[in-house]
Amino acid sequence: MRIGIVTSGLGIARQCLRKNTSVYRTCRRQVTGSGSPLDLNVDSKTGIAVLSMNKPPVNSLNLEFLTELNISLEKVENDKQCKGLIITSSIPKIFSAGLDITEMYQPDIDRLEEFWRTLQDMWIKLYGMNCVTIAAINGHSPAGGCLMSMSCDYRIMAPNYTIGLNETQLGIVAPFWFADVMLNTVGFRQTEMALQLGTLFKTEEALNIGLIDKVVPQEEVLSAAQQEMQRWFKIPGFARQLSKTELRRPTIEKLLKKKEEDIGYFRDYITKDAIQKSLGMYLESLKNRRK
Amino acid sequence: MRIGIVTSGLGIARQCLRKNTSVYRTCRRQVTGSGSPLDLNVDSKTGIAVLSMNKPPVNSLNLEFLTELNISLEKVENDKQCKGLIITSSIPKIFSAGLDITEMYQPDIDRLEEFWRTLQDMWIKLYGMNCVTIAAINGHSPAGGCLMSMSCDYRIMAPNYTIGLNETQLGIVAPFWFADVMLNTVGFRQTEMALQLGTLFKTEEALNIGLIDKVVPQEEVLSAAQQEMQRWFKIPGFARQLSKTELRRPTIEKLLKKKEEDIGYFRDYITKDAIQKSLGMYLESLKNRRK
Amino acid sequence: MRIGIVTSGLGIARQCLRKNTSVYRTCRRQVTGSGSPLDLNVDSKTGIAVLSMNKPPVNSLNLEFLTELNISLEKVENDKQCKGLIITSSIPKIFSAGLDITEMYQPDIDRLEEFWRTLQDMWIKLYGMNCVTIAAINGHSPAGGCLMSMSCDYRIMAPNYTIGLNETQLGIVAPFWFADVMLNTVGFRQTEMALQLGTLFKTEEALNIGLIDKVVPQEEVLSAAQQEMQRWFKIPGFARQLSKTELRRPTIEKLLKKKEEDIGYFRDYITKDAIQKSLGMYLESLKNRRK
């Protein structure tokens, strides 16, 4: 399974960053304007928004894509017609490959920090969404893809894929809030073992430990998500939201209190020589696999 | 499944409350004195107390009934012959329907606060009981009935009933300490999903997720509870109690620190126009169902 | 199943203690030097250390043995060739019977406190080990034996033995950090019930609730542990360690903050007349069983 490399575009963004923040922001907006890697469709009849990730080759999460995700999540949350959000992928066989490794390899420090902050913001938004969120996992979902899935209210997955926080396999470490979401999903023992081993669970294994909630054939993932949504819509929205907030708030507040500390920790860890060397070798191996 | 409406008696109690507390207390005592809705039997040979709820139609928890429950729990805890307590129901097909909705609809504020405080006290007592507590769940056990069940040390249930914290289905929200007890019973993921959806689990489902511990036929629930008690009696009582206290204390202390805050939160939430309207419609629908 | 009584040697150690600490330390070193009850073998090819407990009759944890354990754990952690540690037993049918009751019965207070501190240190070391730790449980593993097992990263057990924190059965209480490790292993509900009842789980039951991870025939326990180790060795060590530390640190820090308080609590509890009487009767019953 591949972790995506998307070098195009990053160079330009880096140039923007080097000048100043406001220019960078303009730059980001332009990128956003020129054909989004996200398809967002809101059905005003059903009240269901479908957000489909469409960023070849593997929906890897780089700064621009995370920024787009944040904009989409905000749109959905602010749209009073939206009662539910389904997150899925338009790329065959991959939900999302997770964080874009090229963001971490030989990084511009300002961008690296902005990248991490944008990831934090995406998660805070997604984990705390008032509307019902369902992950329609129609492909592999490692690392950041697994984080996004776990942050939804319900997970439906197609067979023969893998999902998990496999960071240690690449020599990096899932941040504490990735771990916290996994703790909330499968409990301490499974999390402790999965994080140490960087386990990628096959669909059936993921179902067995409760990492996902339902398995349906590939072609039914989206319709099953639509159908599942109806079960959640039956509940008065304000009461359901309050119940969700009450339970998830402590986990979100833990990161809110440590955002800057977490950014600093990530920056210092990822820029270590040993980690950079390890990431370089990994990227090289991906290039060779592609030839 | 019905949530009970018991309008008789409440009017009188409210009049008492309006005058002053001492009058109210007298009033409560009189109610208590005149035929209790609780049968408490202590078998001095076995050391087992059986507390059977007998408040037609559905053992709904109103202020007077909660007060009676508190008195009974104290009696049991202070009775040195009592080593174990079985809580069950004398009403066919219902363990307890939970909180009496009429306490929350168009409430007298003083009584509303007293109602909630008495509920808090009941739970603090029950969850922290030194003696062994077993719920013999011989009927439906939604909402507050589920709370009582979960607060015991062991749960035995008859088939073909339901149990769960279904508050959101009525547009209200289980307070944080209901959620905490459920977290302690079935873990975060099941709690998060069950609370949002207001899930009422069938007996077998409840067993599968660990919400109850054992299923036996209706007519054997009580004897199975008596038998189960023997397993707990084999353990030196002081060591068993200390183990229980050590584990449950943090959950109890969390509420103790926030009692008044929790009362205020409940009062402000329940008296909102939208919630009152919703409760009114619910009560109306119950009346119509009964016709 | 027996809890071991080892009276030989304790008297001498007590004499040392009564003089002063430095003398006691000399004494301990001499004991250590004269034939260790622990076999530690490091295979520099595989990077696996095997620590086999060999203290007849039942590998009970007294002050001297815990001290030896601490020395061995430190040796392993400081040996750069060691990537993994397997803990097992050389005594047939017993992994470890847990704490030596004779340490607690009619104790010298200084030694009692030193005993408990050494136990705390052993656990802090073992639960926080940087290298991979696997318990090869080839015999009964009650109380302290269960603690040691649960503190490893992975547990492989032979059939037809028992494991659990059975302290309450002896009228004593597992300290909070024993409970914390069990919470981290099998969750709140199972812990709460197991601690109250002092449950000793049979191998298969232990597997079902997640208290152990794998069951293999008696003669394959050690080789299965060696094989399992390979799965963990595939992960970059520093990333795996950081993941482990991040998750286990809060549990370890909780004890670090309360070490002295915990020692005092243990001392005061264990020296109570009722507890001493109960331990005395238990030791007497063991003697009679041996005859």
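Residues numbered from 1 in each chain as written. Chains lettered and ligands numbered in written order. Predicted model: local features only at pLDDT ≥ 70, side-chain atom pairs only at ≥ 80, totals over all residues. Heavy atoms only, no water.

1. Points about the overall build of chain A
Consideration 1: Along chain A, the regular secondary structure elements total ten helices and twelve strands.
Consideration 2: Per-residue burial over chain A gives 59% buried out of 291 residues.
Consideration 3: Partitioning the intrachain contacts of chain A with sequence separation of at least 6 by distance along the chain shows that 76% fall at a separation of at least 24.
Consideration 4: When the accessible surface of chain A is split by element, carbon and sulfur atoms take 50% of a total near 11800 Å². (Helix = DSSP H or I, 4+ residues; strand = E, 2+ residues; numbered from the N terminus. Buried < 20%, exposed > 50% of the residue type's maximum accessible area, 1.4 Å probe, protein only. Contact = heavy atoms within 4.5 Å. Areas by Shrake-Rupley, 256 points an atom, 1.4 Å probe, with all protein chains shown as cover.)

2. Thoughts on empty space enclosed by the protein
Consideration 1: Summed over the entire model, instances satisfying the criterion amount to three cavities of 30 Å³ or more.
Consideration 2: Here the largest cavity is characterised by a volume of approximately 40 Å³.
Consideration 3: Tyr127, Met150, Arg155, Val181, Asn184, Thr185 and Arg248 of chain A together with Phe188, Arg189 and Glu192 of chain B are the residues that line the largest cavity.
Consideration 4: Counting only elements with at least two residues in the lining of the largest cavity, the list comes to helix H6 (176-197) of chain A together with helix H6 (176-197) of chain B. (1 Å grid on protein atoms, 1.4 Å probe; cavity = no way out; pocket = protein on both sides within 12 Å on 5 of 7 lines; lining within 4 Å. Points joined across faces, edges and corners; volume = space filled by probe spheres on them.)

3. Observations regarding the interface of chain C and chain B
Consideration 1: With 18 residues of chain C at the interface, the matching set in chain B holds 20 residues.
Consideration 2: Here chain C packs against chain B, burying approximately 1800 Å² in sum over the two surfaces, 66% of which is carbon and sulfur.
Consideration 3: In terms of surface lost to chain B, no three residues of chain C exceed Arg189, Gln196 and Leu197 of chain C, which account for 39% of the buried area on that side.
Consideration 4: Remark: the boundary between chain C and chain B carries two salt bridges.
Consideration 5: Among the salt bridges present, the one from Arg248 of chain B reaches Glu192 of chain C, with a minimum N-O distance of 2.5 Å.
Consideration 6: Inspection of the chain C/chain B interface yields six residue pairs in polar contact (both at pLDDT 80 or more).
Consideration 7: Here the element with the most residues in the side of chain C that touches chain B is helix H6 (residues 176-197) of chain C; it accounts for ten residues.
Consideration 8: In terms of residue class, the side of chain C that touches chain B is built from eleven nonpolar, five polar and two charged. (Buried area = accessible area lost by both parts, 1.4 Å probe. Salt bridge = Lys/Arg side-chain N within 4 Å of Asp/Glu carboxyl O. Polar contact = N/O pair within 3.5 Å; in protein donor to acceptor, adjacent residues only side chain to side chain. Nonpolar A, V, L, I, M, F, W, Y, C, P; charged D, E, K, R; others polar.)

4. Remarks on the interface of chain B and chain A
Consideration 1: With 18 residues of chain B at the interface, the matching set in chain A holds 20 residues.
Consideration 2: Contact with chain A buries area across many residues of chain B, yet Arg189, Gln196 and Leu197 of chain B alone supply 39% of it, more than any other trio.
Consideration 3: There are two salt bridges connecting chain B and chain A.
Consideration 4: The interface formed by chain B and chain A includes six residue pairs in polar contact (both at pLDDT 80 or more).
Consideration 5: Listing elements by their share of the side of chain B that touches chain A, those giving two or more residues are H6 and helix H9 (237-270) of chain B.
Consideration 6: Its residues placed into classes, the side of chain B that touches chain A shows eleven nonpolar, five polar and two charged.

5. Some thoughts on helix H9 (residues 237-270) of chain A
Consideration 1: Along its 34 residues, H9 of chain A runs just 41 Å from first to last C-alpha, ending more than 12% under the 50 Å computed at 1.5 Å per residue.
Consideration 2: Largest kink in H9 of chain A: about 70°, centred on Lys258 of chain A. (Expected span 1.5 Å × (residues − 1). Bend = angle between axes of the 7 residues up to and from the residue.)

6. Things to note about the packing of aromatic side chains
Between two aromatic rings, the relevant description is the distance of the centres plus the angle of the planes.
Consideration 1: Under the criterion given, the structure shown has 22 aromatic pairs over all chains.
Consideration 2: Ring centres 5.1 Å apart and planes at 20° place the aromatic pair Trp123 of chain C and Tyr127 of chain C in the stacked group. Pair noted here: Trp123 of chain C and Tyr127 of chain C are both in helix H4 (residues 109-127), with a separation of four residues, about one helical turn. Across this residue pair, the class does not change: Trp123 of chain C and Tyr127 of chain C are buried.
Consideration 3: The rings of Phe115, Trp116, Trp123, Tyr127, Trp177, Phe178 and Phe266 of chain A are connected pair by pair, giving a single aromatic cluster. (Phe/Tyr/Trp six-rings, centres within 6.5 Å; stacked < 30°, edge-to-face > 60°.)

7. Focus: the sheet that holds strand E4 (residues 84-89) of chain C
Two modes of strand pairing occur in sheets, parallel and antiparallel, and in both the strands are linked by backbone hydrogen bonds.
Residue and element names in this part refer to chain C.
Consideration 1: Sheet architecture is open: six strands sit in the order E1-E2-E4-E7-E9-E12, paired in mixed fashion. Each edge of the sheet is formed by a strand with only one pairing partner; in this case those strands are strand E1 (38-43) and strand E12 (214-215).
Consideration 2: Pairing of E1 with strand E2 (residues 48-53) involves six bridges; the strand directions are antiparallel. Directly across from Asp43, in E2, lies its bridge partner Ile48.
Consideration 3: Its contacts with the sheet put helix H8 (residues 221-233) on E2, E4, strand E7 (132-137) and strand E9 (154-157), and the angle it makes with E7 is roughly 160°. (Pairing = 2+ DSSP bridges. Axes fitted to C-alpha atoms, helices over the stretch in contact; angles between N-to-C directions.)

8. Re the relation of the copies chain B and chain A
Consideration 1: When chain B is fitted to chain A, the residual RMSD is 0.0 Å, and the transformation amounts to a turn of 120° plus an axial shift of 0.0 Å. In symmetry terms, the pair is related by a three-fold rotation axis. By C-alpha distance to the rotation axis, the residue of chain B lying nearest is Gly187 of chain B, at 4.3 Å. (Least-squares fit on C-alpha atoms with pLDDT ≥ 70 in both.)

9. A closer look at the environment of Cys152 of chain C
All names here are of chain C.
Consideration 1: Take Cys152: it is sitting in the loop between helix H5 (144-151) and E9.
Consideration 2: The exposure class of Cys152 is buried, given its relative accessible area of 1%.
Consideration 3: On a C-alpha basis, the gap between Cys152 and Ala135 in space is 6.0 Å, while along the polypeptide they are 17 residues apart.
Consideration 4: Aside from chain neighbours lying at most four places away, what touches Cys152 is Ile87, Leu126, Thr133, Ile134, Ala135 and Arg248.

10. Concerning the pairing of strand E4 (residues 84-89) of chain B
Residue and element names in this part refer to chain B.
Consideration 1: Burial analysis of E4 places six of its six residues in the buried class, the great majority of the element.
Consideration 2: The alternating pattern of E4 places Gly84, Ile86 and Thr88 and Leu85, Ile87 and Ser89 on opposite faces, both of which are buried.
Consideration 3: In this structure, strand E2 (residues 48-53) lies alongside E4, joined through six bridges in parallel fashion. Bridging from a neighbouring strand, Ala49 pairs with Leu85 of E4.
Consideration 4: Bridge count for E4 against strand E7 (residues 132-137) is four bridges, and the pairing is parallel. Note on E7: the bridge partner recorded for Ile86 is Ile134.

11. Overview of the sheet that holds strand E7 (residues 132-137) of chain A
All names here are of chain A.
Consideration 1: Taken together, six strands build an open sheet; the order of strands is E1-E2-E4-E7-E9-E12 and the sheet is mixed. Each of the sheet's edge strands pairs with one partner strand only, and the pair in question is strand E1 (38-43) and strand E12 (214-215).
Consideration 2: Judged from the four bridges that link them, E7 and strand E9 (residues 154-157) form a sheet pairing that is parallel. For Ala136, the partnering residue across the bridge sits in E9 and is Ile156.

12. What to know about the confidence of the model for chain A
Residues and elements named next belong to chain A.
Consideration 1: Summary statistics for chain A give a mean pLDDT of 89 and a share of 87% for residues scoring 70 or more.
Consideration 2: Counting contacts from residues 1-34, a segment whose pLDDT is below 50, to residues more than four positions away or on other chains yields 65 contacts.
Consideration 3: The complex prediction reports pTM at 0.89, with the ipTM value standing at 0.88. (pLDDT = per-residue confidence, 0-100.)

13. Some words on the side chain of Asn138 of chain C
All names here are of chain C.
Consideration 1: Mapped onto the elements, Asn138 comes out in the loop between E7 and strand E8 (139-142).
Consideration 2: Asn138 sits in the buried class, given a relative accessible area of 13%.
Consideration 3: For Asn138, the side chain forms a polar contact with the side chain of Thr88, separated by 3.1 Å.
Consideration 4: Beyond its immediate chain neighbours, meaning those up to four positions away, Asn138 contacts Thr88, Ser89, Lys93, Ile94, Phe95, Ala158, Tyr161 and Gln218.

14. Examining the packing of H4 of chain C against helix H9 (residues 237-270) of chain C
All names here are of chain C.
Consideration 1: Following both chains from N to C, one finds H4 and H9 inclined at 170°, their axes separated by 10 Å at the closest point. Between H4 and H9, the crossing angle belongs to the class labelled roughly antiparallel.
Consideration 2: Residues belonging to the contact of H4 with H9 are distributed by class as follows: 13 nonpolar, two polar and nine charged. (Parallel < 35°, antiparallel > 145°, perpendicular 65-115°, else oblique.)

15. Digging into the environment of Trp232 of chain C
Consideration 1: Mapping Trp232 of chain C onto the fold places it in helix H8.
Consideration 2: Judged by relative accessible area, which is 1%, Trp232 of chain C ranks as buried.
Consideration 3: Along the primary structure Trp232 of chain C and Glu77 of chain C are separated by 155 residues, whereas in three dimensions their C-alpha atoms are 16 Å apart.
Consideration 4: Look past the residues within four positions of Trp232 of chain C in its chain and what remains in contact with it is Met193, Gln196 and Leu197 of chain A together with Val132, Asp153, Tyr154 and Arg240 of chain C.

16. Describing H6 of chain B
Residues and elements named next belong to chain B.
Consideration 1: Here H6 contains 22 residues, and its C-alpha end-to-end distance of 16 Å is more than 12% below the 32 Å for a straight helix at 1.5 Å per residue.
Consideration 2: Along H6, the sharpest change in direction is near 120° and occurs at Gly187.
Consideration 3: Taken across its 22 residues, H6 has 19 buried, putting it largely inside the fold.
Consideration 4: Gly198 lies just past H6 and shows a positive phi near 60°.

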